[in-house]
Amino acid sequence: MSHSNTWSDKTQVIDPTATDPKDRLMVALDGNADEARAWARELQGQAGWVKCGMTLFYQTGPEIAAEMKDLGYKVFIDLKIHDIPHQIEGAARSLGRLGIDLITIHALGGRPMMEAAMRGVAQGAQEAGVERPRVVAVTILTSMDAQTAHSIGLEGTAAQQVERLTRLTKEAGVDGIVCSAQEAPMAREILGPEAIIITPGVRPAGSEAGDQTRILTPAAAFASGASHLVVGRPITTAPDKKLAAYAIIEEIEASLSSVGI
Ligand code: C5P
């Protein structure tokens, strides 16, 4: 089997060391299409990124990507794709044509599937004449407890599973991973300084946790090795969303200088 890395072009659309703090913040647009569009308009120019998950994408289709690009966002399409390599290559090719910035895949699909995703985005982007989206892998869903993991045959502790899968993403040439802050130091060590490491469950100091059980502040996330933060409800349910985003960006700015990145 060929494992050539020809898709790993050097064009860094996403710079994990970007200095504009807005480009470290990914706002999760977890609502219906009308809500998501309204939030995105309200936050225009404030946050650098929007994250469109399955609920939104399956409602609107790919047109949401173009709408968000028109508003000036970097676009993260979070579909966590997982299928046979042939399907994933096709799915990634379709996503690669959209001119978006980031997609997610499941590391549990294995190395051939992840390599297929990398080939697919490169082909799609080339056909459409756009930059290829970066690809990040979800290792183990944080919703999966030990009992559930063992029931589907995953051996070892959660940390061991995540470590094994993180190494696999590196071998497959994937651009980074999504992980909790607990896993981020290990991931950064394995993946090196260029990798994209995205951490959800971030809450500004002194705010509500919601249903997130393992939350962290922006400062703690960057100190643990994250390059980008996903924040949803602390912004989207705030009475003044722009102000909420602004406060988080200020916190990001202070955190980045305190950890020296
Ligand atoms: O509203 P909140 O800030 O909790 O939203 C977090 C976002 O990050 C949601 O879109 C959620 O699906 C996503 N996410 C998460 N935990 C993970 C992976 C993704 O909360 N382990």
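I will try to describe carefully the structure that is included in this document. Keep in mind that what you see is a predicted model, and the values were worked out from it rather than measured.

## Focus: the overall build of the protein chain
And then number 1: Check the secondary structure of the protein chain and you find eleven helices and eight strands.
And then number 2: Its C-alpha radius of gyration of 17 Å places the protein chain within 12% of the 18 Å reference for a compact globule of 261 residues.
And then number 3: The C-alpha extent of the protein chain, read off along each of the three principal axes, is 55 × 40 × 35 Å.
And then number 4: When each of the 261 residues of the protein chain is scored for burial, the buried share is 51%.
And then number 5: Taking the intrachain contacts of the protein chain between residues at least 6 apart in sequence as the baseline, contacts between residues at least 24 apart amount to 70%.
And then number 6: Summing over all exposed atoms, the protein chain offers an accessible surface of approximately 11,800 Å²; the carbon and sulfur share of this is 52%.
And then number 7: Here the protein chain holds 24 positive side-chain charges and 32 negative ones, and the gap between their average locations is 3 Å.

## A look at unusual backbone geometry
And then number 1: With a phi close to 45 degrees, K80 is a non-glycine residue in the positive phi region.
And then number 2: With respect to the secondary-structure elements, K80 resides in strand β3 (residues 74-81).

## Details of the sheet that holds strand β2 (residues 49-53)
And then number 1: Taken in spatial order, the eight strands close into a barrel running β1-β2-β3-β4-β5-β6-β7-β8, and their pairing is parallel. Neighbour-to-neighbour, the strand axes of this sheet turn through a mean angle of 25 degrees, independent of strand direction.
And then number 2: Sheet topology note: the strand β7 (residues 196-199)/strand β8 (residues 228-231) ladder contains two bridges and is parallel. Its bridge partner being in β8, I198 is matched across the sheet by H228.
And then number 3: Against the sheet, helix α3 (residues 63-70) engages β2 and β3, with an angle of about 155 degrees to β3.
And then number 4: Sitting on the sheet, helix α5 (residues 111-128) touches β3, β4 (102-106) and β5 (134-138), and the angle it makes with β4 is about 160 degrees.

Thresholds, definitions, all that
Residues numbered from 1 in each chain as written. Predicted model: local features only at pLDDT ≥ 70, side-chain atom pairs only at ≥ 80, totals over all residues. Heavy atoms only, no water. Helix = DSSP H or I, 4+ residues; strand = E, 2+ residues; numbered from the N terminus. Rg over C-alpha atoms; globule rule 2.2 N^0.38 Å. Buried < 20%, exposed > 50% of the residue type's maximum accessible area, 1.4 Å probe, protein only. Contact = heavy atoms within 4.5 Å. Areas by Shrake-Rupley, 256 points an atom, 1.4 Å probe, with all protein chains shown as cover. Lys, Arg positive; Asp, Glu negative; His and termini not counted. Charge placed at Lys NZ, Arg CZ, Asp CG, Glu CD. Pairing = 2+ DSSP bridges. Axes fitted to C-alpha atoms, helices over the stretch in contact; angles between N-to-C directions.

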